[in-house]
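These are the residues of each chain, in order.
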Amino acid sequence: MIGVNWHLRFRLKIEELQKENEELKLKKKILERKVKKYENNNMRTTGNRQDNNVVESGGSVYTARNKT
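Worth saying up front: this structure is predicted, and the values here are computed from it rather than measured.

Chemist: I would appreciate a short explanation of the overall build of the protein chain in the present structure.
Modeler: Broken down by element type, the protein chain carries 1 helix and 0 strands. Burial status across the protein chain gives 0% buried among its 68 residues. Total accessible area computed for the protein chain in this model is approximately 7400 Å², and 53% of it derives from carbon and sulfur atoms.

See the structure below:
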C-alpha cells in the first residue's frame, strides 16, 4: 500500500544511501593510499635493480640460547 508520503520516504532513503556511499568512497580512498604507501615502502627495488623483498639470513641463528 502506497501512502501519501511515499515520495518523501523515497527521497529520504535515497539521501541516506548517498551519504553512506560517500562515506564508503572516502574509506576506500584512504585505504588505497595506505596500500600505495605500504607498497612503495616495502616493494621497491634496491639500487642494483634486484628485488628487495627477499629475506636473507644475516648470520647464524641460535635456537638454543643459554642452555646450561
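Chemist: Teacher, can you tell me more about a nonpolar patch on the surface here?
Modeler: Together, Trp-6, Phe-10 and Ile-14 line one region of the surface with nonpolar side chains, adding up to about 310 Å² of accessible area. Along the chain, Trp-6 falls in helix α1 (residues 6–42).

Chemist: Explain the pattern of salt bridges to me, please; I cannot follow it from the model alone.
Modeler: Side chains that differ in charge, positive against negative, can pair when their charged atoms come close. The final tally for this structure, using the stated rule, is 3 salt bridges. Its salt-bridge partner being Glu-16, residue Lys-13 comes within 4.0 Å of it at the nearest N-O pair. Here Lys-13 and its partner Glu-16 are both found in helix α1, 3 residues apart, which amounts to about one turn of the helix. Notably, a salt bridge pairs Lys-19 with Glu-15, separated by 3.6 Å at the nearest N-O pair. Pair noted here: Lys-19 and Glu-15 are both in helix α1, with a separation of 4 residues, about one helical turn. Looking at Lys-19, the relative accessible area reads 51%, which means it is exposed. Given a relative accessible area of 39%, Glu-15 falls into the partly exposed group.

Cut-offs used in this document
Residues numbered from 1 in each chain as written. Predicted model: local features only at pLDDT ≥ 70, side-chain atom pairs only at ≥ 80, totals over all residues. Heavy atoms only, no water. Helix = DSSP H or I, 4+ residues; strand = E, 2+ residues; numbered from the N terminus. Buried < 20%, exposed > 50% of the residue type's maximum accessible area, 1.4 Å probe, protein only. Areas by Shrake-Rupley, 256 points an atom, 1.4 Å probe, with all protein chains shown as cover. Patch = residues over 30% accessible without salt bridge, like charges linked within 9 Å, V, L, I, M, F, W, Y side chains within 5 Å. Salt bridge = Lys/Arg side-chain N within 4 Å of Asp/Glu carboxyl O.

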